[in-house]
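Single-letter residue listing:
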Amino acid sequence: MTSTPTPGLTRFNTSQDSAALAALHEVCASSAWGSKLLAQRPYATAEELFTASDAALAELTVRDLEEAMAGHPPIGRPKPGDPTSAREQRGMAGASEALKAELLELNLAYQEKFGHVFLICATGATGEQMRDAVKTRIGNTAEEEREIVRTELEKINRIRLTRLVETAEEGDKD
């Protein structure tokens, strides 16, 4: 990335704290993560922002991770009216009813075991790939799963931060 900030990054850097924090909350629901990124503004490049995001994510407590995960809908059930979750879960759009039912059952079993939604970076993944991932990950320990969730959040946050800093104008989100 160049050393010149994009218009979206400049807007983020110069926004009032409340607006910048709201934009960060759309990326990740963890208030600790958002506060850390807000406190480090301005960012010279998107890569600097990504590095700060990764560092803040690595420092999140179990409670902070739970807060971050609470901002994500279950796979196969994007939030109604939310273009971000619909776009990210596009791989489920053409899934059969059988696959959707199987994924719902797996999601519930996962949530029962771990106490939180199954989190995966769904961008570019098919319904079958997401199903296979939950089948594999349900056998993990809570500690293993927390580290996988951290990695998945890192991917999701980078995708969403990229959209934030590359967006030319405030209302241009798609």
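Residues numbered from 1 in each chain as written. Predicted model: local features only at pLDDT ≥ 70, side-chain atom pairs only at ≥ 80, totals over all residues. Heavy atoms only, no water.

Chemist: Explain helix α7 (residues 97–114) to me, using residue names and the numbers behind them.
Modeler: The terminal C-alpha atoms of α7 lie 25 Å apart, and with 18 residues this matches the ideal 26 Å at 1.5 Å per residue to within 8%. Every buried residue of α7 is accounted for by L99, L103, L106, N107, Y110 and F114. In an axial view of α7, the angular spread of the buried residues amounts to 110 degrees, which keeps them on one side of the axis. Across from the buried face of α7, at angles greater than 90 degrees, the exposed residues are E97, A98, E105 and E112. Summarising the contacts, the buried residues of α7 are in contact with α8 (127–137) and α9 (142–166). (Helix = DSSP H or I, 4+ residues; strand = E, 2+ residues; numbered from the N terminus. Expected span 1.5 Å × (residues − 1). Buried < 20%, exposed > 50% of the residue type's maximum accessible area, 1.4 Å probe, protein only. Arc of directions from axis to C-beta. Contact = heavy atoms within 4.5 Å.)

Chemist: Tell me about the nonpolar core, and name the residues and values.
Modeler: F12, W33, L37, L49, I75 and L161 are the most contacted members of the largest nonpolar core, which totals 44 residues. At the level of elements, α1 (7–14), α2 (17–27), α3 (31–39), α4 (46–58), α5 (62–70), α7, α8 and α9 are the ones that each hand at least two residues to this core. Dropping the residues within four chain positions of it, W33 is found in contact with L24, V27, C28, S53, A56, L57, L60, N157 and L161. (Core = buried A, V, L, I, M, F, W, Y, C linked by side-chain atoms within 4.5 Å.)

Chemist: Just give me the short version of the packing of aromatic side chains, but keep the residues and values in it.
Modeler: Scanning the model with the defined rule gives three aromatic pairs in all. Considering the side-chain rings of Y110 and F114, the 4.6 Å spacing of their centres and the 45 degrees angle between planes classify their relative orientation as tilted. A residue pair is termed a helical-turn pair when its members lie 3 or 4 positions apart in one helix, as Y110 and F114 do in helix α7 at four residues. With respect to class, Y110 is no different from F114; both count as buried. Site record: aromatic cluster; members linked through ring pairs are Y110, F114 and F118. Its end group placed over the ring of F12, R41 keeps NZ or CZ at 5.6 Å from the ring centre. (Phe/Tyr/Trp six-rings, centres within 6.5 Å; stacked < 30°, edge-to-face > 60°. Lys NZ or Arg CZ within 6 Å of the ring centre and 35° of its normal.)

Chemist: Talk me through the confidence of the model for the chain; I want residue IDs and the actual numbers.
Modeler: Looking at the chain as a whole, its pLDDT mean stands at 88, while 85% of the residues score no less than 70. Mean pLDDT values for the elements of the chain range from 66 in helix α6 (residues 83–88) up to 97 in α3. In the model, residues 170–174 has pLDDT below 50 throughout and makes eight contacts with residues more than four positions away in sequence or in other chains. (pLDDT = per-residue confidence, 0-100.)

Chemist: Can you tell me about α4, naming the residues and giving the values?
Modeler: Between its terminal C-alpha atoms α4 stretches 18 Å, which fits the 18 Å expected from 13 residues at 1.5 Å a residue. When we look at burial in α4, the residues that qualify are A46, L49, F50, A52, S53, D54, A56 and L57. Contact partners of the buried residues in α4: α1, α3 and α9.

Chemist: Account for the pattern of salt bridges, naming residues and giving values.
Modeler: This model, assessed by the stated rule, comprises twelve salt bridges. Here E59 ties to K36 by a salt bridge, and the two come within 2.7 Å at their closest N and O atoms. Of this pair, E59 sits in the loop between α4 and α5 while K36 sits in helix α3; the two residues are 23 residues apart in sequence, bridging distant segments of the chain. Overall, K36 belongs to the partly exposed group, its relative accessible area being 27%. Through salt bridges with shared partners, one network takes in E102, R131, D132 and K135. (Salt bridge = Lys/Arg side-chain N within 4 Å of Asp/Glu carboxyl O.)

Chemist: Mind laying out the packing of α5 against α9, listing which residues take part and the relevant values?
Modeler: Interhelical geometry of α5 versus α9 gives an angle of 50 degrees and a closest axis separation of 11 Å. It follows that α5 is oblique to α9 by the angle criterion. Here the hand of the crossing between α5 and α9 comes out left-handed. Across the interface between the two elements, V62, L65, A68 and M69 from α5 touch R146, V149, R150 and L153 from α9. When its residues are assigned to classes, the contact of α5 with α9 shows six nonpolar, no polar and two charged. (Axes fitted to C-alpha atoms, helices over the stretch in contact; angles between N-to-C directions. Parallel < 35°, antiparallel > 145°, perpendicular 65-115°, else oblique. Left-handed = near helix turned anticlockwise from the far one by under 90°. Nonpolar A, V, L, I, M, F, W, Y, C, P; charged D, E, K, R; others polar.)

Chemist: Break down the side chain of D54 for me, citing the residues and quoting the values.
Modeler: Counting through the fold element by element, D54 comes out in helix α4. For D54, a relative accessible area of 16% puts it in the buried group. Ignoring anything within four residues of it in the chain, the contact list for D54 reads E154 and R158.

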